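These are the residues of each chain, in order.
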Amino acid sequence: MANEDIKVMENIYNENDRIADEIQKGLSSKGIYAINVMGAPGAGKTSCLINIIKGLPEIQSYVIEGDIESDIDTVKLKEIGIETVQINTYGECHLDGPLIASTLEKVNFDKQGLLFIENIGNLVCPAEFSIGENIKLLISAVTEGDDKPYKYPLAFQKAAVILLNKTDLLPLVDFDIDYFSEGLRALNPYAPIFTVSAKTGEGFSEVCSWLKAKL
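Residues numbered from 1 in each chain as written. Predicted model: local features only at pLDDT ≥ 70, side-chain atom pairs only at ≥ 80, totals over all residues. Heavy atoms only, no water.

Observations regarding the overall build of the protein
Helix and strand counts for the protein come out as 8 helices and 7 strands. Rg of the C-alpha trace for the protein: 17 Å, near the compact-globule value of 17 Å for 215 residues, within the 12% margin. The principal-axis extents of the C-alpha atoms in the protein amount to approximately 50 × 45 × 35 Å. About 10400 Å² of surface is accessible on the protein, with carbon and sulfur atoms providing 51% of the total. Averaged over its 19 positive side-chain charges, the protein has a centre that lies 4 Å from the centre of its 32 negative ones. (Helix = DSSP H or I, 4+ residues; strand = E, 2+ residues; numbered from the N terminus. Rg over C-alpha atoms; globule rule 2.2 N^0.38 Å. Areas by Shrake-Rupley, 256 points an atom, 1.4 Å probe, with all protein chains shown as cover. Lys, Arg positive; Asp, Glu negative; His and termini not counted. Charge placed at Lys NZ, Arg CZ, Asp CG, Glu CD.)

See below:
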């Protein structure tokens, strides 16, 4: 029985990866660079996206917003003029290739630019599924604790860039940046780490410069 379960999971991953590869090829042909934005609930994913997009006014940005329920963040993004399409999974803890493939039909890519896909708030499942992205951007917050790389290694291992958010709260929380960085570097020696505050805007100019260099 265990062998059958493993085979089923292998088939799911293989089919997802096939669809994700097609998504990436299709987006690349349109001049779209896709970023899979991951992070726990409350890490500040949407707030960070707003800071990044505002810091790249010369680059067209698109957003696919993933949530289990509601469209709160999509409404917020649309109110400031960011083209956003909503996905609700109604219980599923991650986005996957087929979901993104069907949602892309609703996005009007009239210019080359960046596509931010905000994944479901979760540090486990989103790291396991490719969704056609060029890179994974992981957002962690000092309010979550400094042990997250040790407890959720796959997300930190697969990230191409990490944002440590809510650093304006460092004087108020028990967070050891050195301990956090040591755990991260043991998993991922090369991904840049940017300390940011979505509330104050601190650190996002460096993030935007890095993204421009990637493009």
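A few points about the sheet that holds strand β4 (residues 113-118)
The strand order across the open sheet built from 7 strands is β3-β2-β4-β1-β5-β6-β7, with neighbouring strands paired in parallel fashion. Because the sheet does not close on itself, it has two edges, and the strands there are β3 (83-88) and β7 (193-195). On average, each strand axis in the sheet is tilted by 20° relative to the strand beside it, whichever way the strands run. In this sheet, β4 lies alongside strand β2 (residues 60-67) in parallel orientation, the contact comprising 6 bridges. Looking across to β4, one finds that S61 is bridged to L114. (Pairing = 2+ DSSP bridges. Axes fitted to C-alpha atoms, helices over the stretch in contact; angles between N-to-C directions.)

Section: the nonpolar core
Soluble, globular proteins show a tendency: their nonpolar side chains are buried together. With 30 residues, the main nonpolar core has I35, I52, F116 and L163 as its most contacted residues. Residue assignment for this core shows that the elements contributing at least two residues are β1 (32-39), α2 (45-54), β4, β5 (135-141), β6 (161-165) and α8 (204-214). Contacts of I52, omitting those with residues within four sequence positions, involve F116, L137, L163, F204, V207, C208 and L211. Formed by 18 residues, the second largest nonpolar core is a distinct cluster that contains I23, A34, V85 and L95. (Core = buried A, V, L, I, M, F, W, Y, C linked by side-chain atoms within 4.5 Å. Buried < 20%, exposed > 50% of the residue type's maximum accessible area, 1.4 Å probe, protein only. Contact = heavy atoms within 4.5 Å.)

Considering unusual backbone geometry
In this structure, Y90 is a non-glycine residue whose phi angle is positive, near 50°. Residue position: Y90 is located in the loop between β3 and α4 (97-103).

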